[in-house]
Each structure stands twice: as structure tokens, then as C-alpha cells.
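Overview (structure and organization)
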Amino acid sequence: MIERSGYGIIAASLLLSAVSYLLHPVISALFVAFALFTAYFFRDPERKIGEGVVSPADGKIDFIEGRRLEIFMSPFDCHINRAPWDGRVLSVKFIEGSTPPAFIRKEGVRTNEILIESEGGVFRVLQIAGIFARRIVSYVKEGDVVRKGQKIGMIRFGSRVVLEIPEGFRFVRKVGEKVKAGETVALKDESIQRSQPR
């Protein structure tokens, strides 16, 4: 399955391939290769949703501090983002800024902020555009009710996603670990205590 916004790019690439074939077969082949990469990049696989707070993105955890976790998404990761918890969307705000390489943590970057209010507190998801990410796509708007694991947006071609959790939750994953959107990354404190041996 392919994310819907990818079909237009794939169709345009194949059309350009057909047009350029008579002029230069090598260029035509490059357009076909780009269409295949786009189909891979815009893939939208089914996911089994975890029990606790789930990761909003695929990628590698490269920063955890307090209640903040950051995930670096390479161009080869699936770029569909998902809601970490059930709740209501308080706001969706786009913040203009610079677009440094996504593997660099920096302030003042182009960001889409999604706040999700739940019984356990407010969850904050930041979709951050990297140097190759020219567009952040949001599937939700203020007032929407979302379910944990529901698709909430996508960042095109390389990016970073930040998750900030409310008090009463703790991360159960570590820096350096790979995660997939929908996998458990945090639990409520009482859930952690119940899981510890007595």
C-alpha cells in the first residue's frame, strides 16, 4: 500500500520517463528508478499497535532527556507518522524555520507541532523537516479525535520527529534503538511498577 500523496509523484516520474525515452534512454531509466524509490518511500504498511504510548515514527532514537524523545528518520524509513495516544487534537501549528540535515539537532527549524490532549495529559508531537524534506503533511486538525496508532501525517524525504510525554509516563526504550511507528516507547508509571519483579 502506498500513501495517497505519493501517487502523483510516481505518475509524473513515469510520464517524464516515457517522454524522455526517445530522446535519451538513460534519462528515462533514471525517472523509472526515481518512481520506484518514491513507491518505496511512500509505502504505508499495516502496523500492530503496542500497549503503551507508541512511537509516532519509524527510525532511530538518538536523544532522550526527561519526557522528550527524538527519532531520526532516514530516507529509507517509512515516513508515515502516528498518534502516540488516544485523545483530542488541541492544535496543529506550522512553524517556519531553517532546514538543516535531519541528523543534526538544532533549534529554530521548520516544524509542524501537533498537541493531543488526553486523560493522562497533553502529548506533543513535532514533525521536523530536514534539508531534503520539502513538505510536512498533516492529516489532522484542531478538534479531531484520534486513536493511538492512527495516522496523523507524513514528512517527505528525510526528517526528525519529537515526542514529548506528560508526567506520569516513562520511556522504556533507549538511545540507539530502532523503533517503528505504533511500537511501545513509554508506559504509565504504575504499569512499569507492576511489571517489576517483587
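This write-up is about the structure you can find in this document.

What counts, and where the lines are drawn
Residues numbered from 1 in each chain as written. Predicted model: local features only at pLDDT ≥ 70, side-chain atom pairs only at ≥ 80, totals over all residues. Heavy atoms only, no water. Pairing = 2+ DSSP bridges. Helix = DSSP H or I, 4+ residues; strand = E, 2+ residues; numbered from the N terminus. Contact = heavy atoms within 4.5 Å. Salt bridge = Lys/Arg side-chain N within 4 Å of Asp/Glu carboxyl O. Buried < 20%, exposed > 50% of the residue type's maximum accessible area, 1.4 Å probe, protein only. Core = buried A, V, L, I, M, F, W, Y, C linked by side-chain atoms within 4.5 Å.

**Comments concerning the pairing of strand β14 (residues 184-188)**
In the sheet, strand β1 (residues 53-54) pairs with β14 via 2 bridges, with the strands oriented antiparallel. Residue pairing across strands places V54 opposite T184, the latter belonging to β14.

**Comments concerning the environment of V185**
In this fold, V185 is placed in strand β14. With 14 residues separating them in the primary sequence, V185 and F171 have C-alpha atoms 5.7 Å apart. The contacts of V185, once residues within four sequence positions are left out, are V53, V54, S55, L163, R170, F171, V172, R173 and V179.

**Re the sheet that holds strand β6 (residues 111-118)**
Ordered in space as β9-β5-β6-β7-β11-β3-β2-β13, the 8 strands form an open sheet in which the pairing is antiparallel. The open sheet has two edge strands with one neighbour each: β9 (145-146) and β13 (178-179). Across 8 bridges, the pairing between β6 and strand β7 (residues 121-129) is antiparallel. Note on β7: the bridge partner recorded for I114 is V125.

**A short note on the environment of I64**
Position of I64 relative to the elements: it lies in strand β2 (residues 59-65). Through-space distance from the C-alpha of I64 to that of R173 is 9.0 Å; in sequence the pair is 109 residues apart. Excluding anything up to four places from it in sequence, I64 contacts L69, F171, R173, K174 and V175.

**Quick word on the sheet that holds β1**
Pairing between the strands of a sheet comes from backbone hydrogen bonds, and it takes one of two forms, parallel or antiparallel. Spatial ordering of the open sheet is given by β1-β14-β12, a layout of 3 strands whose pairing is antiparallel. What marks the edges here is a single partner per strand, and that holds for β1 and β12 (169-171).

**A closer look at the pattern of salt bridges**
It is possible for side chains bearing opposite charge to pair when their charged atoms get close. Summed over all chains, the structure comprises 17 salt bridges. With a shortest N-O distance of 2.8 Å, E70 and R68 are connected by a salt bridge. Relative accessible area serves as the criterion here: at 2%, E70 is assigned to the buried category. Judged by relative accessible area, which is 23%, R68 ranks as partly exposed. Bridged by salt links that share partners, the residues D62, R68, E70, K93, E113, R124, R160 and E164 form one connected network.

**Focus on the nonpolar core**
Judged by nonpolar contacts, the single largest core of 27 residues is most densely connected at V53, F123, L163 and I165. Elements with a minimum of two residues in this core: β3 (68-73), β6, β7, β10 (151-155), β11 (159-164), β12 and β14. Those residues in contact with I165, other than ones at most four positions away along the chain, are V53, R67, V122, F123, R170, F171 and A186. Judged by nonpolar contacts, the second largest core, of 5 residues, contains C78, I80, V137 and M154.

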